[in-house]
Amino acid sequence: MENNKGWFPVARVEEVVPRHVVQAQLMGQEVAIWRDDQGQVNAWENRCPHRGVRLSIGINDGKELRCRYHGWHYASGSGQCTFIPAHPSQKPANVIKAKPYGVAERYGFVWVNLGEDADIAEVPALGLNAFTTLRSIYVAAPVAAVAGHLAEQGFAPAGDFILENGSGTTLLIQPMDSGQTIVHGLAAGEVDGAERLALLRRHNTSLTEVRDAAERAAA
Amino acid sequence: MIKLYDFELSGNCYKLRLLMNILGVKFERIALDFYPGREHRSPWFLKINPLGQLPVIDDDGFVLRDAQAILVYLAGKYDPSGLWYPQGAAEMQGRIAQWLGFADAITATASAARLHDGLFYDVDIDKARAGAHALFRVLDEHLWFAEQEGQDWLCSSGHPTVADIACFPYVMLSEEGGINRLPYPAIRRWTDRVKRIPGFTVMPGIFPADAVSV
């Protein structure tokens with residue numbers, strides 16, 4: 001599964017809010033991302049081991065994720081099943097667990113690695129200290145098409161699935177599957193208030209234009 | 001007591017049940033056989049609503065059709081807080097009306113796709129789904145920037161309005177029409193917030209959020 005390895009951002013840190021489950025997709029694999037009340041973030045295969053229902057429609061109770069279908073409980077961190085409502089007096093077998101992926105929080109994003117031996121030390125170093133995370137843009141087009149249109153806007157590769165434009169903007173590419181891509185972004189420097197909103201709007205507009213161009217070409 | 005001409009599986013009927021539940025308004029449901037009986041097109045119901053559409057309310061003789069219009073009426077009459085449809089606030093009312101119109105566009109696309117998939121309606125399904133995705137993009141972007149400004153709701157920061165209630169049901173039911181919400185994380189967060197409004201109630205296909213507040 002070498003193809004599946006590597007760290008990719010899947011959500012802005014501040015969007016993985018308490019008592020919520022984010023539904024993400026990376027390289028064709030759906031991922032349920034949720035934060036417990038202690039702040040620990042989890043990235044699990046989006047599939048209940050019992051009957052396969054998406055865990056992203058489940059309930060984040062702050063300590064465990066409960067499947068919406070038969071209410072099985074899975075513990076933050078390990079993914080271990082802790083309780084099966086239909087068998088309340090039995091301890092669930094150790095082999096019953098949600099499948100956790102590698103997960104890390106860096107540069108304002110939650111990063112996921114689908115590989116078996118994900119090493120947090122391998123999360124790409126971006127060399128940014130002060131930055132502003134931008135609105136992530138979903139594009140219904142393949143990575144190559146998106147990268148091509150970003151190149152026209154002055155973005156050049158600065159690593160695997162990382163692009164920079166020489167004026168302080170770094171883009172991180174999340175391949176959802178062969179036809180869908182998410183472009184995450186960081187702008188160097190920190191600004192607040194109206195200046196920050198204007199910066200976010202400006203980048204949103206330019207990335208949306210790239211999205212529309214890539215989708216027109218892919219259609 | 002208010003009579004609601006109702007169909008259990010209708011998102012437009014549900015949004016009235018939802019607001020009335022939140023406001024604590026008692027109502028009586030008159031269930032129509034919308035499918036397969038098409039009772040909303042029957043002679044007796046066409047006398048109540050010549051458009052042959054649900055929902056309709058009869059509030060002690062005052063008969064009103066159109067889900068969005070009924071939300072405005074219910075909030076104006078039964079919300080003593082005045083927060084669900086603020087009176088005398090021109091900009092706010094303009095914004096609310098804008099999103100009530102948006103809710104109708106969601107009905108014309110996402111709900112149409114659901115009727116196609118679930119009840120075999122003759123609908124241009126590709127067009128309906130593409131139309132819903134185009135709307136959801138606008139909604140997701142609006143909600144994302146609203147969050148950046150500390151605003152949790154479609155039109156206001158502190159309290160939801162009828163606009164949130166109007167847009168919620170057919171967004172939440174979109175997957176029954178083959179419209180995935182995975183590309184719309186800000187919409188997903190907003191739907192969780194709607195589900196935590198005190199008095200929230202469910203319909204088939206719409207689950208509650210965790211009862212425990214954060």
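Please read these numbers as outputs of a predicted model, since none were measured by experiment.

1. Topic: the overall build of chain B
Here is step 1: Of regular secondary structure, chain B possesses 7 helices and 4 strands.
Here is step 2: When the helices and strands of chain B are listed from N to C terminus, the series reads β-α-β-α-β-β-α-α-α-α-α.
Here is step 3: Over its C-alpha atoms chain B spans a radius of gyration of 17 Å, differing by no more than 12% from the 17 Å that the globule rule assigns to 214 residues.
Here is step 4: Across its three principal axes, chain B shows a C-alpha extent of roughly 50 × 45 × 35 Å.
Here is step 5: The buried share of chain B, reckoned over its 214 residues, is 54%.
Here is step 6: Considering only intrachain contacts with a sequence separation of at least 6, the fraction spanning at least 24 residues in chain B is 63%.
Here is step 7: Carbon together with sulfur atoms contributes 55% to the accessible area of chain B, which is approximately 9,200 Å² in total.
Here is step 8: Across chain B, the 21 positively charged side chains and the 26 negatively charged ones have centroids separated by 2 Å.

2. Re the confidence of the model for chain B
In regions of low pLDDT, the predicted coordinates are not meant to be interpreted in detail.
Here is step 1: Summing up the model confidence of chain B, the mean pLDDT is 96 and the portion of residues at 70 or higher is 98%.
Here is step 2: The ipTM for the predicted assembly is 0.96, set against a pTM of 0.96.

3. Some words on the interface of chain A and chain B
Here is step 1: Taken together, the 34 residues of chain A in the interface contact 22 residues of chain B.
Here is step 2: Together, the buried faces of chain A and chain B total about 2,400 Å²; carbon and sulfur atoms form 50% of this surface.
Here is step 3: Considering only the surface of chain A that becomes buried against chain B, Arg19, Gln23 and Arg135 of chain A emerge as the three largest contributors, covering 29% of it.
Here is step 4: At the boundary of chain A with chain B, the tally comes to 4 salt bridges.
Here is step 5: Counting across the interface, chain A meets chain B through 11 residue pairs in polar contact (both at pLDDT 80 or more).
Here is step 6: Listed by contribution, the elements that provide at least two residues to the side of chain A that touches chain B are strand E2 (21-26), strand E5 (59-60) and helix H2 (193-218) of chain A.
Here is step 7: It is H2 of chain A that contributes the most residues to the side of chain A that touches chain B, 9 residues altogether.

4. Section: the environment of valine 13 of chain A
Residues and elements named next belong to chain A.
Here is step 1: Within the fold, valine 13 resides in the loop between strand E1 (7-12) and E2.
Here is step 2: Overall, the relative accessible area of 25% leaves valine 13 in the partly exposed class.
Here is step 3: Counting along the chain gives 97 residues from valine 13 to valine 110, while the straight-line C-alpha distance between them is 5.5 Å.
Here is step 4: Each residue touching valine 13, except ones within four places of it in the same chain, is listed here: Arg35, Glu105, Gly108, Phe109 and Val110.

5. Observations regarding the packing of aromatic side chains
Here is step 1: Under the definition given, this model contains 13 aromatic pairs over all chains.
Here is step 2: Within the aromatic cluster, the residues linked to one another by ring pairs are Tyr5, Trp44 and Phe45 of chain B.
Here is step 3: The residue whose ring lies beneath arginine 201 of chain A is phenylalanine 145 of chain B, and the NZ or CZ to ring-centre distance is 3.9 Å.

6. Some details on helix H7 (residues 185-195) of chain B
Owing to its 3.6 residues per turn, the α-helix brings residues three or four apart onto one side.
Here is step 1: Extensive coverage of H7 of chain B is indicated by the burial of 10 of its 11 residues.
Here is step 2: Within H7 of chain B the residues assigned to the buried category are Ala186, Ile187, Arg188, Arg189, Trp190, Thr191, Asp192, Arg193, Val194 and Lys195 of chain B.
Here is step 3: Those residues of H7 of chain B that are buried lie in contact with E2 of chain A together with helix H5 (125-148) and helix H6 (162-172) of chain B.

7. Some details on the packing of helix H3 (residues 67-78) of chain B against H6 of chain B
The relative placement of two packed helices is expressed as an angle between their axes plus a distance between the axes.
Residue and element names in this part refer to chain B.
Here is step 1: Axis separation between H3 and H6 bottoms out at 10 Å; the angle between their running directions is 145°. In the packing of H3 onto H6, the handedness of the crossing is right-handed. Along the contact surface, H3 presents Gln68, Leu71 and Ala75, while H6 presents Val162, Ile165 and Ala166.
Here is step 2: Each residue belonging to the contact of H3 with H6 can be placed in one class, and the counts come to 5 nonpolar, 1 polar and no charged.

About the thresholds
- Starting afresh in each chain, residues are numbered from 1 along the sequence in its written order.
- Throughout, the order in which chains and ligands are written sets their labels, letters from A for the former and numbers from 1 for the latter.
- Predicted model: local features are reported for residues with pLDDT of at least 70 only, side-chain atom pairs are reported and counted for 80 or more only, and whole-chain, interface and lining totals are derived from all residues.
- Heavy atoms throughout the structure, all of them, feed into the side-chain values; hydrogens and water do not.
- Starting at the N terminus, helices and strands are each numbered in turn, a helix being any DSSP run of H or I of at least four residues and a strand any DSSP run of E of at least two.
- Here the radius of gyration uses the C-alpha set of atoms, whereas the globule reference equals 2.2 Å times the residue count to the power 0.38.
- For every residue, the accessible area (1.4 Å probe, protein chains only) is compared with the maximum for its type, and the residue is labelled buried under 20%, exposed over 50%, or partly exposed between those bounds.
- Contacts are assigned to residue pairs that have any heavy atoms within 4.5 Å of one another.
- Computed by Shrake-Rupley with a 1.4 Å probe, the accessible areas treat only the displayed protein chains as cover when residues are assessed.
- Only four residue types enter the charge count, namely Lys and Arg as positive and Asp and Glu as negative; His and the chain termini do not.
- Where a charge lies is defined by one atom per residue type: Lys uses NZ, Arg uses CZ, Asp uses CG and Glu uses CD.
- You can read pLDDT as the predictor saying how much it trusts each residue, on a scale of 0 to 100.
- Here the quantity called buried area is the accessible surface, traced with a 1.4 Å probe, that two parts lose on coming together, added over both.
- When a carboxyl oxygen of Asp or Glu lies within 4 Å of a side-chain nitrogen of Lys or Arg, that pair is called a salt bridge.
- Here a polar contact means two N or O atoms within 3.5 Å. Within protein one must be a hydrogen donor candidate and the other an acceptor candidate, and residues neighboring in sequence count only if both atoms are side-chain atoms.
- Centre distance within 6.5 Å is the pairing criterion for rings of Phe, Tyr and Trp, where only the six-membered ring of Trp is used; planes under 30 degrees apart are then read as stacked, over 60 as edge-to-face, and the remainder as tilted.
- The criterion for a charge sitting over a ring is simple: Lys NZ or Arg CZ within 6 Å of the ring centre, and within 35 degrees of the ring normal.
- Here the axes come from fitting lines to C-alpha atoms, over the contacting stretch only for helices, and the angles between their N-to-C directions go from 0 to 180 degrees.
- In this scheme, a crossing is called left-handed if the near helix is turned counterclockwise away from the far one by less than a right angle; it is called right-handed if the turn is clockwise.
- As a working rule, the residues Ala, Val, Leu, Ile, Met, Phe, Trp, Tyr, Cys and Pro are called nonpolar, Asp, Glu, Lys and Arg charged, and the rest polar, with Gly in that last group.

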